[in-house]
Amino acid sequence: MIYKKFFFLINLIFSILVFSQKITDANYCTIKNVSLNNRLSKYLCIKFLPNNKFEEIFSMDVRIIISGEYKLQKDFLILKENEKDSTVFKIVKIDNSKLILKTNKKRIVLYRQN
């Protein structure tokens, strides 16, 4: 029983370290129109910066940039814009080329930009 808990803990720590390395300092964008939080956008980009900071960029008639802090909790990504506003995504998939998020009933596919 102790061995199972030990291996589970080691696996969990390893998964968190590997996962966070993939999402840090990357830029992910959609390639088609997306609707998020009642905003229709020509595209959406999420740029992950050092120290758990992010920039969320919407392109409508004008370009809107929202910044804040992000947090990873299990398989959820939380973008916190300020003390009151935050967006929670379920992480469906993340790899070297794309990030697939789900919020409510919407699925958003973001492709990694170089």
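First, a word on scope: everything that follows refers to the structure included in this document.

How each quantity is defined
Residues numbered from 1 in each chain as written. Predicted model: local features only at pLDDT ≥ 70, side-chain atom pairs only at ≥ 80, totals over all residues. Heavy atoms only, no water. Pairing = 2+ DSSP bridges. Helix = DSSP H or I, 4+ residues; strand = E, 2+ residues; numbered from the N terminus. Axes fitted to C-alpha atoms, helices over the stretch in contact; angles between N-to-C directions. Buried < 20%, exposed > 50% of the residue type's maximum accessible area, 1.4 Å probe, protein only. Core = buried A, V, L, I, M, F, W, Y, C linked by side-chain atoms within 4.5 Å. Contact = heavy atoms within 4.5 Å. Phe/Tyr/Trp six-rings, centres within 6.5 Å; stacked < 30°, edge-to-face > 60°. Lys NZ or Arg CZ within 6 Å of the ring centre and 35° of its normal. Salt bridge = Lys/Arg side-chain N within 4 Å of Asp/Glu carboxyl O.

## Quick notes on the sheet that holds strand β1 (residues 27-29)
Within the closed barrel, the eight strands sit side by side as β1-β4-β5-β6-β7-β8-β9-β10. Their pairing is antiparallel. Taken pair by pair, the neighbouring strands of this sheet meet at an average axis angle of 35 degrees, ignoring direction. Of the pairings in the sheet, the one linking β1 to strand β4 (residues 43-49) comprises three bridges and is antiparallel in character. By the bridge assignment, Cys29 is partnered in β4 with Cys45.

## Here's the deal with the pairing of strand β5 (residues 53-59)
Most of β5 sits out of view: five of its seven residues are buried. In the sheet, β4 pairs with β5 via seven bridges, with the strands oriented antiparallel. Residue pairing for β5: Phe48 is matched across the bridge by Phe54. A loop of three residues connects β4 with β5, the two strands running antiparallel in sequence, and Asn51 in this loop sits at a positive phi of about 60 degrees. Taken together, the seven bridges between β5 and strand β6 (residues 63-73) define a ladder with antiparallel strand orientation. Looking at the pairing, Lys53 lines up with Glu69 of β6. Where β5 folds back on β6, the antiparallel hairpin that results is connected by three residues.

## A closer look at the nonpolar core
Phe48, Leu77, Leu79, Leu99, Leu101 and Leu110 are the most contacted members of the largest nonpolar core, which has 19 residues in total. Contributions of two or more residues to this core are made by β4, β5, β6, β7 (76-80), β8 (86-94), β9 (98-103) and β10 (106-113). Contact partners of Leu99, with chain neighbours within four places excluded, come to Tyr28, Phe48, Ile91, Lys93, Ile94, Ile108, Val109 and Leu110.

## Looking at the packing of aromatic side chains
The description of an aromatic ring pair rests on the distance of the ring centres and on the angle between the ring planes. For the coordinates displayed, the defined rule picks out two aromatic pairs. Aromatic pair Tyr28 and Phe48: ring centres 6.1 Å apart, planes at 75 degrees, arrangement edge-to-face. With Tyr28 in strand β1 and Phe48 in strand β4, this residue pair connects regions lying 20 residues apart in the sequence. For the residue pair Tyr28 and Phe48, the accessibility class agrees, reading buried in each case. One aromatic cluster in this structure is built from Tyr28, Phe48 and Tyr70. It is Lys90 that lies over the ring of Phe76; its NZ or CZ is 5.7 Å from the centre.

## Quick look at the pattern of salt bridges
Side chains bearing opposite charge may pair, as long as their charged atoms lie close to each other. Tallied over the full model, the rule gives three salt bridges. We note a salt bridge from Asp75 to Lys90, for which the minimum N-O separation is 2.3 Å. With Asp75 in the loop between β6 and β7 and Lys90 in strand β8, the pair connects residues that are 15 residues apart, well separated along the chain. Asp75 gets classed as partly exposed once you look at its relative accessible area, which sits at 32%. Classification of Lys90 by relative accessible area gives partly exposed; the value is 34%.

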